[in-house]
Amino acid sequence: MRNLVKFSLVFCFIVIVLGAFTRLTDAGLGCPDWPGCYGFLSVPHSEARQTVAVEAFPDAPLDTQKAWHEMIHRYAAGTLGFLVLAIAVVAIRRKLQASQSSKPMKLPIILLVLICFQAALGMWTVTMMLQPVIVMLHLLGGFATFSLLYLLYQRENDFRIPGGDLNLRKLRGLAALALVVVVGQIALGGWVAANYAAVACTELPICEGPWLSRFDLAGAFSLPKAATYEFGVHSYAERMTMHVLHRLGAIVTTLVVGYLLYKLWHTARSNQFRTHTFIITLLLIVQLTLGVSNVVFSLPLAVAVAHNAVGALLLISLVGLNYNLSRKA
Ligand code: HEM
């Protein structure tokens with residue numbers, strides 16, 4: 001079971017990266033239907049199939065490269081769905097065979113429900129023409145799946161960190177706050193990305209021009225009606241506001257997580273927690289550097305994908321920290 005969960009965890013990370021790559025190569029609508037592609041199980045390649053595709057979807061010209069990006073993400077996500085199903089089956093069978101087993105069963109079932117919901121969000125992403133709320137929820141759902149798989153991996157571990165470090169336990173509230181702040185910052189990042197607001201501000205540290213006088217909070221979270229949301233539908237001021245909020249969020253995140261890391265470093269006695277502190281510090285610095293590089297170099301594909309990937313790693317590192325601080329001695 002541990003190996004299955006470990007494999008699924010790594011696989012989930014790959015699915016997240018493929019998802020970011022799909023969105024950033026503007027391939028989210030590479031296949032206009034779901035779950036197939038132009039009515040086929042794979043991208044139509046033969047002339048005969050392409051003729052059928054053009055007739056069936058006259059408003060969505062076929063771009064085979066974009067269609068492949070989309071389909072590879074779908075195949076990988078589908079495989080992850082089967083992996084999570086296998087985890088749930090093993091967990092239920094294990095519980096039926098040894099009802100006293102302390103190994104988790106509810107968590108694998110929650111994961112299975114979550115992955116089904118993720119599949120539905122993936123479908124709505126296409127059928128609702130990249131509606132930003134759906135795109136952002138799909139990102140958050142992917143990160144939640146990754147976090148729960150990591151939690152399950154930890155819980156399947158027989159090794160127990162010597163608990164009872166009362167000094168560290170005092171930091172549980174702060175660690176929980178840092179987790180909430182990071183989730184909020186990820187959601188803001190998802191909103192910026194889903195609304196194509198990445199290049200709305202090109203200067204550091206906050207934004208160029210009189211950004212405060214253009215600030216439009218209600219507009220930034222409004223959802224104008226549109227036939228398609230590809231490339232965004234919000235005005236410049238609204239996109240600028242989304243972008244500025246994500247930058248201010250980065251400052252708050254740095255302060256809260258930084259304070260937690262400072263307290264952890266000075267309180268932790270075990271090497272385990274010191275290593276954990278070091279890893280989170282490293283991830284935070286890399287994430288901030290990637291965020292700034294997104295702005296300075298106008299969203300290069302590799303940097304934007306890496307900003308998504310490191311965001312996911314930062315999140316699970318905080319999930320792991322919260323779990324280790326809270327579990328019983
Ligand atoms: C700890 C701090 C940060 C976290 C956790 C974080 C997280 C995220 C996440 C999860 C996304 C969505 C990525 C996607 O959908 O592919 C995002 C997008 C973005 N972030 Fe950050 N971010 C942080 C700091 C920053 C900073 C400091 C900047 C710039 C100064 C920045 C600039 C951006 C930009 C421009 C986008 C849009 C990228 C796109 O369209 O793909 N971020 N962020």
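In the block above lies the structure referred to throughout.
The structure displayed is predicted, hence computed values, not measured ones.

The subject of this paragraph is the overall build of the chain. Secondary structure summary: the chain contains 12 helices and zero strands in total. Order of helices (α) and strands (β) in the chain, N terminus to C terminus: α-α-α-α-α-α-α-α-α-α-α-α. Against the 2.2 N^0.38 benchmark of 20 Å for 329 residues, the chain shows a C-alpha radius of gyration of 22 Å, consistent with a compact globule. In terms of overall dimensions, the chain has a C-alpha envelope of 65 × 60 × 30 Å along the principal axes.

Let us look at the packing of helix H5 (residues 132–156) against helix H7 (residues 172–194). Relative to each other, H5 and H7 sit at 140°, their axes nearing to 9 Å. Judged on the interaxial angle alone, H7 and H5 are oblique. Of the two possible hands of crossing, H5 and H7 adopt the one that is right-handed. Residue-level inspection shows Pro132, Val133, Val135, Met136, Leu139, Leu140 and Phe143 of H5 in contact with H7, the latter providing Ile186, Ala187, Gly190, Trp191 and Ala194. Within the contact of H5 with H7, the residues separate by chemical class into 11 nonpolar, one polar and no charged.

Attention now moves to the state of the cysteines. Enumeration according to the criterion identifies two disulfides in this entry. Between the sulfur of cysteine 31 and that of cysteine 37 lies a disulfide, 2.1 Å long from S to S. The disulfide joining cysteine 31 to cysteine 37 has a torsion of about -80° about its S-S bond and is therefore left-handed. Disulfide connectivity for the chain, with bonded cysteines indexed by sequence position, reads 1-2, 3-4.

Moving on, we get to the coordination of the iron atom of the ligand. The iron atom of the ligand binds to the protein through His246 (NE2) and His307 (NE2); the donor distances cover 2.0 Å. For the iron atom of the ligand, the six donor atoms are set out with angles of 88 to 179° between them, so the coordination reads as octahedral. Of this pair, histidine 246 sits in helix H10 (residues 236–267) while histidine 307 sits in helix H12 (residues 301–326), placing them 61 residues apart in sequence.

Reading guide: rules and limits
Residues numbered from 1 in each chain as written. Predicted model: local features only at pLDDT ≥ 70, side-chain atom pairs only at ≥ 80, totals over all residues. Heavy atoms only, no water. Helix = DSSP H or I, 4+ residues; strand = E, 2+ residues; numbered from the N terminus. Rg over C-alpha atoms; globule rule 2.2 N^0.38 Å. Axes fitted to C-alpha atoms, helices over the stretch in contact; angles between N-to-C directions. Parallel < 35°, antiparallel > 145°, perpendicular 65-115°, else oblique. Left-handed = near helix turned anticlockwise from the far one by under 90°. Contact = heavy atoms within 4.5 Å. Nonpolar A, V, L, I, M, F, W, Y, C, P; charged D, E, K, R; others polar. Disulfide = S-S within 2.5 Å. Donors = N, O, S within 2.8 Å, 3.2 Å for Na, K, Ca; no water. Tetrahedral: all angles 85-135°; square planar, octahedral: opposite > 155°, others 65-115°.

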